[in-house]
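Geometric and topological summary
The primary structure of each chain is shown beneath.
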Amino acid sequence: MAAAAAGLSWRRVSSFTGPVPRSRHGHRAVAIRELVIIFGGGNEGIADELHVYNTATNQWFLPAVRGDIPPGCAAHGFVCDGTRILVFGGMVEYGRYSNDLYELQASRWLWKKVKPQAPSTGSPPCPRLGHSFSLYGNKCYLFGGLANESEDSNNNVPRYLNDFYELELQHGSGVVGWSIPVTKGILPSPRESHTAIVYCRKDLGVPKMYIFGGMCGCRLNDLWELDIETMTWSRPETKGTVPLPRSLHTANVIGNKMYVFGGWVPQSAGGEISTHDGEWKCTGSFAYLNLDTTEWIGLISDCHEDKSNLLPGPRAGHCAVAVGTRLYIWSGRDGYRKAWNNQVCCKDLWYLDTEKPPAPSQVQLIRATTNSFQVKWDEVPTVEGYLLQLHADSPVPSAAGTPGTGVPETSMPSSQGGSSLHQSPQSLPSVPCPEMKVDHPSQANNVIPNNVQLSLSSNSLLKTEGKEKGAAPENKMTQETLKNHADVTGFKESNAPSHLPVCTSSPQTSANVGELHDLDKRTVIPDASVSSTVSSTQTMRAPQRQMKSRERQWYDVGIFKNSSAVVSQFYLLPEEILNASNKMEDADVPDYRLLKKQDLFPGTVYRFRVAAINGCGVGPFSKVSEFKTCIPGFPGAPSTVKITKSVDCIHLSWEPPASPSGNILEYSAYLAIRSTQLQENPNQLVFMRIYCGLKTSCVVTAAQLSNAHVDYTSRPAIVFRISAKNERGYGPATQVRWLQDMKTSGSK
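Along every chain, residues carry numbers that run from 1 in the direction the sequence is written. Given that this is a predicted model, residues contribute local features only at a pLDDT of at least 70 and side-chain atom pairs are listed and counted only at 80 or more, while totals for whole chains, interfaces and linings are drawn from all residues. Each side-chain value is worked out from all heavy atoms of the structure, with water and hydrogens disregarded.

It is worth spelling out the overall build of the protein at this point. Numbering goes from the N terminus for both helices and strands, where a helix is a DSSP run of H or I of at least four residues and a strand is a run of E of at least two. In terms of regular secondary structure, the protein is built from five helices and 52 strands. Relative accessibility under 20% of the residue-type maximum defines a buried residue, over 50% an exposed one, and the middle range a partly exposed one, all with a 1.4 Å probe and only protein chains included. For the protein, buried positions account for 54% of its 748 residues. Taking contacts inside the protein between residues at least 6 apart in sequence as the whole, the part at least 24 apart equals 67%. All accessibility values rest on the Shrake-Rupley procedure with a 1.4 Å probe; residue burial counts only the protein chains present in the view. Just so you have it, the protein exposes about 31600 Å², and 50% of that area is on carbon and sulfur atoms. Contact definition: two residues touch when any of their heavy atoms are within 4.5 Å.

Next up on the list: the sheet that holds strand β28 (residues 364–368). Two strands are said to pair when DSSP picks up at least two bridges between them. Here we have three strands laid out as an open sheet, ordered β28-β29-β38, and antiparallel in their pairing. In the strand order of this sheet, the two ends are held by β28 and β38 (564–567), each with one partner. Taking the axes of each pair of neighbouring strands and ignoring which way they run, one obtains an average angle of 20 degrees across the sheet. When strand β29 (residues 373–376) meets β38, the two strands line up antiparallel, connected through four bridges. Under this scheme, a helix contributes an axis fitted over its contacting stretch, all axes are lines through C-alpha atoms, and angles between N-to-C directions fall in the 0 to 180 degree range.

Here we come to the side chain of serine 247. If you trace the backbone, serine 247 turns up in the loop between β18 (232–234) and β19 (250–254). The residues touching serine 247, leaving out its near neighbours within four places in the chain, are Ser193, Gly214, Met215, Arg219, Gly263 and Trp264.

Attention shifts here to unusual backbone geometry. Backbone phi values are negative for most residues with the exception of glycine, while trans is the configuration of most peptide bonds. One non-glycine residue, arginine 33, lies in the positive phi region at around 50 degrees. With respect to the secondary-structure elements, arginine 33 resides in the loop between β2 (28–32) and β3 (35–39). Taking the relative accessible area as the measure of exposure, arginine 33 reaches 65% and is therefore exposed. In this model, serine 193 sits at a positive phi of 60 degrees, which is unusual for a non-glycine residue. As for its placement among the helices and strands, serine 193 is situated in the loop between β14 (175–179) and β15 (195–200).

This part takes up the pairing of strand β50 (residues 717–726). Taken residue by residue, a regular strand's side chains alternate between the two faces of the sheet. With respect to burial, β50 is a largely interior element, 10 of its 10 residues being buried. The sheet contact formed by strand β46 (residues 666–673) and β50 spans six bridges and is antiparallel. Of the residues in β50, the one forming a bridge with leucine 671 is phenylalanine 720. Pairing of strand β49 (residues 710–711) with β50 involves two bridges; the strand directions are antiparallel. Paired with valine 710 across the two strands is isoleucine 718, which belongs to β50. Looking at chain direction, β50 and strand β52 (residues 733–739) are connected through six bridges and run antiparallel. Bridged to arginine 721 within β52 is glutamine 735. Alignment of β50 against strand β51 (residues 729–730), held across two bridges, turns out to be antiparallel.

Here the aromatic set is Phe, Tyr and Trp, taking the six-membered ring for Trp, and pairing holds for ring centres within 6.5 Å; pairs whose planes are under 30 degrees apart are stacked, those over 60 apart are edge-to-face, and all others are tilted. Summed over all chains, the structure comprises 31 aromatic pairs. Seen in terms of ring centroids, tyrosine 102 and tryptophan 111 are 6.5 Å apart; in terms of plane orientation they differ by 90 degrees. Their pairing is edge-to-face. Classification of tyrosine 102 as buried rests on a relative accessible area of 10%. Through successive ring pairs, a cluster of aromatic residues spans Phe16, Tyr53, Trp60, Tyr328, Trp330 and Tyr351. Between arginine 326 and the ring centre of tyrosine 351, over which it is positioned, the NZ or CZ distance is 3.9 Å. Placement of a charge over a ring requires the Lys NZ or Arg CZ to be within 6 Å of the ring centre, with the centre-to-atom vector within 35 degrees of the ring normal.

Now for the pattern of salt bridges. For this document, the term salt bridge refers to a Lys or Arg side-chain nitrogen within 4 Å of an Asp or Glu carboxyl oxygen. On inspection of all chains with the given rule, the structure shows 20 salt bridges. The partner of aspartate 81 in a salt bridge is arginine 84, and the shortest N-O contact between them spans 3.0 Å. Since its relative accessible area comes to 2%, arginine 84 is described here as buried. In this structure, arginine 84 and glutamate 103 form a salt bridge, with 3.2 Å as the shortest nitrogen-oxygen distance. Of this pair, arginine 84 sits in strand β8 (residues 84–93) while glutamate 103 sits in strand β9 (residues 96–105); the two residues are 19 residues apart in sequence, bridging distant segments of the chain.

Right, let's talk about the pairing of strand β48 (residues 697–701) for a bit. Judged by which residues are buried, β48 turns out to be one-sided: Cys698 and Val700 face inward and are buried, whereas Ser697, Val699 and Thr701, on the alternate face, are not. Alignment of strand β45 (residues 649–655) against β48, held across five bridges, turns out to be antiparallel. Bridge pairing in β48 links serine 653 to serine 697.

This part is about the nonpolar core. Nonpolar core, defined: a set of buried Ala, Val, Leu, Ile, Met, Phe, Trp, Tyr and Cys residues in which side-chain atoms within 4.5 Å join the residues together. The biggest cluster of nonpolar side chains holds 26 residues, and the ones touching the most others in it are Phe373, Val375, Leu388, Val567 and Phe608. When contributions to this core are tallied by element, the ones reaching two or more residues are β28, β29, β30 (385–392), β37 (555–560), β38, β39 (569–572) and β41 (605–614). Leaving out residues up to four positions away in the same chain, phenylalanine 608 has contacts with Val363, Phe373, Leu388, Gln389, Leu390, Trp554, Val557, Val567, Lys623, Val624, Ser625 and Phe627.

Time to look at the sheet that holds strand β4 (residues 50–54). Taken in spatial order, the four strands make up an open sheet running β2-β3-β4-β5, and their pairing is antiparallel. Sheet topology places β2 and β5 (59–61) at the edges, where each strand pairs with a single neighbour. Mean inter-strand twist for the sheet, computed between neighbouring axes without regard to direction, equals 20 degrees. Relative to β4, β3 runs antiparallel, the two being bridged by five bridges. Along β4, the bridge assignment pairs valine 36 with tyrosine 53.

As a further point, take the confidence of the model for the protein. Averaged over every residue, the pLDDT of the protein is 78; the share at 70 or more is 71%. The quantity known as pLDDT measures the predictor's confidence residue by residue, on a range of 0 to 100. Confidence drops under pLDDT 50 across residues 400–476; counting only partners more than four residues distant or on other chains, this segment forms 183 contacts. For the stretch residues 744–748, pLDDT sits under 50, and the model shows nine contacts to residues farther than four places along the chain or on other chains.

Before going further, it helps to examine the environment of histidine 304. Inspection of the secondary structure assignment puts histidine 304 in the loop between β24 (295–300) and β25 (319–323). Overall, histidine 304 belongs to the partly exposed group, its relative accessible area being 30%. Between the C-alpha atoms of histidine 304 and serine 285, which are 19 residues apart in sequence, the distance is 7.7 Å.

We now examine the environment of glutamine 374. Position of glutamine 374 relative to the elements: it lies in strand β29. Taking relative accessible area as the criterion, glutamine 374 reaches 16% and is therefore assigned buried. Expressed as a C-alpha distance, the spacing of glutamine 374 and serine 568, which sit 194 residues apart in the sequence, is 8.8 Å.

This part covers the environment of proline 660. Along the chain, the position of proline 660 falls in the loop between β45 and β46. For proline 660, a relative accessible area of 59% gives the class exposed. When the C-alpha positions of proline 660 and proline 632 are compared, they lie 7.7 Å apart, and in sequence the two are 28 residues distant. Residues in contact with proline 660, not counting those within four places in the same chain, are Gly633, Phe634 and Pro635.

Relative to the assigned elements, asparagine 614 resides in strand β41. Identification of polar contacts relies on pairs of N or O atoms within 3.5 Å, with a donor-acceptor requirement for protein atoms, meaning one able to donate a hydrogen and the other able to accept it, and with residues adjacent in sequence counted only if both atoms are side-chain atoms. Here the side chain of asparagine 614 touches glutamate 355 through a polar contact of 2.9 Å, landing on its backbone oxygen. Apart from residues no more than four positions distant in its own chain, asparagine 614 is found in contact with Arg326, Asp353, Glu355, Lys356, Pro357, Thr382, Val383 and Glu384.

Okay, structure coming up:
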């Protein structure tokens, strides 16, 4: 158990912005993407405001809610269905409980009180607190809780409940009504302050609800299972050590595990647990139940002493919420003062990464020069940074014999006065995080110091998903630039490979994947990783590249906080470290201050891969992308591409690129077309030339568009490529994805 606790990389977030909510207990939390939404709870009165914490920016904020704003409540039901949240019941003041139902449309921060129909048989749920309220599909499942039998709120006569209700939801907004399902098997005993989760095993596809623990005069640690399809209750047999009886704990599902943290547990006397439960204490114990094998695994025991404050302290009535594979815990009672008017609540926010992050998307090219790349990749939620590596086609000198550039001993820039992220020696080196400081005292053995200068960049042209919702689908597009490995001197007129049609022109491509004013945030994996030729019939296709069988040697570019980077150098590793790092993806990252750096060369192909980093370590690497630095003298890629739609055609226009060697002689524009080759390899687009001339604009007719291929790599789009030619030849081609709505794409 102690070894398991040592292996956990809990992080305490101790620096954030915005109005931090006051500490409390009995509150609830749900997650909508990266947002943690907290409501209710009590400490010196019941809280009625809605607080939101953005896990990506480490910012608290109070949304301007409107509509039928509910009163504050504690120990209520709180579930999330897409972007709507449902609140049921809870304590609204001491001794007075509620059975009201409210709906929050989080996309508009609009509250609405809803009135579900009563069950066809029986009464609707009575006012209660401490119940469980779980969502699966279009139904919420209500179980148990605590009711007040007295009509006088000052004279509390508690009654533990074990009634079971089903609430059917309408799609998007509103509810249908309550029903009382007919169940089989033995119903769980009455209880409150228990937990209930729903889990659907992938291979069986049978949704099941699991109820654990709670309070009914004494704390409980029994586990109950409900088969939602057959409505059958059972007591599953478990393996491992069952956690102590508890209430006011939390349970969250991540993957196939139910993580249980904290709560009130009985105060043992001489190792014996009192059945009357007269004395209790808060616990910081942490365990999970493997829902596929029903085996309990203890991670932090109830008697674990955390003298270094590396773990969340004991607490009950806290909230816990899963954001991806990361578990967040906030506030709750610390358990040392039990009188109602003298609560002591925790004020801390913690998170735990429960598994390594998934592989990011392939690295995408934004811009290339003769000796640098600007690259990006899709963000991975809840990560602390990214490890970017490259592999060069040409031989790379060894570290010992290279006049590489030394790494300057300058500090990592920080947007918040040098805030940094610390972690334990067992973990991988941490990544500086703007606007957040994560306390972790043990940092003496970090192998990457925080003063290594990394090439961080932020592309001001990249837009977030939410900013483009107002644009018409037909006017959205994404601009990329492609490279060609086969033709390093630009367009050739007559020396096409023998397996292709006779080539009239072929753009070398290697720069400018950029997103313009109203472009789609997510670009396709650049077609830049394949070579391209243009046939005499004005079609261009990209044959598959034969990969060399020799073992690749990967070099670190650096660790980046953001999902973009400017790459002009990479680190040279001593041969013994290089061999180890190529064999083990989890090899220790070396101290960059001690390494030489190698500049990129013009006209050279580099392969890139990227891996995300979180508290569990470095995740798997992405698929490999290939880009080529520009050759001096060739024109750049056309930029600022615009698409204007008319009744029977569209207009393409662009800005001319820089041309180091003479004037631009001509432009070529291409359209991706439907082809039988796409059925064999959907990633190999086939292009038809639709324009060749000196003008920086062209018309694409309806007849040409009728033959267009709609690319579904990310979102449906028609793909164009535009390149420029000077006296040296054709330069890199800019690729533009013209986003289509489903109706448009379906008709193509």
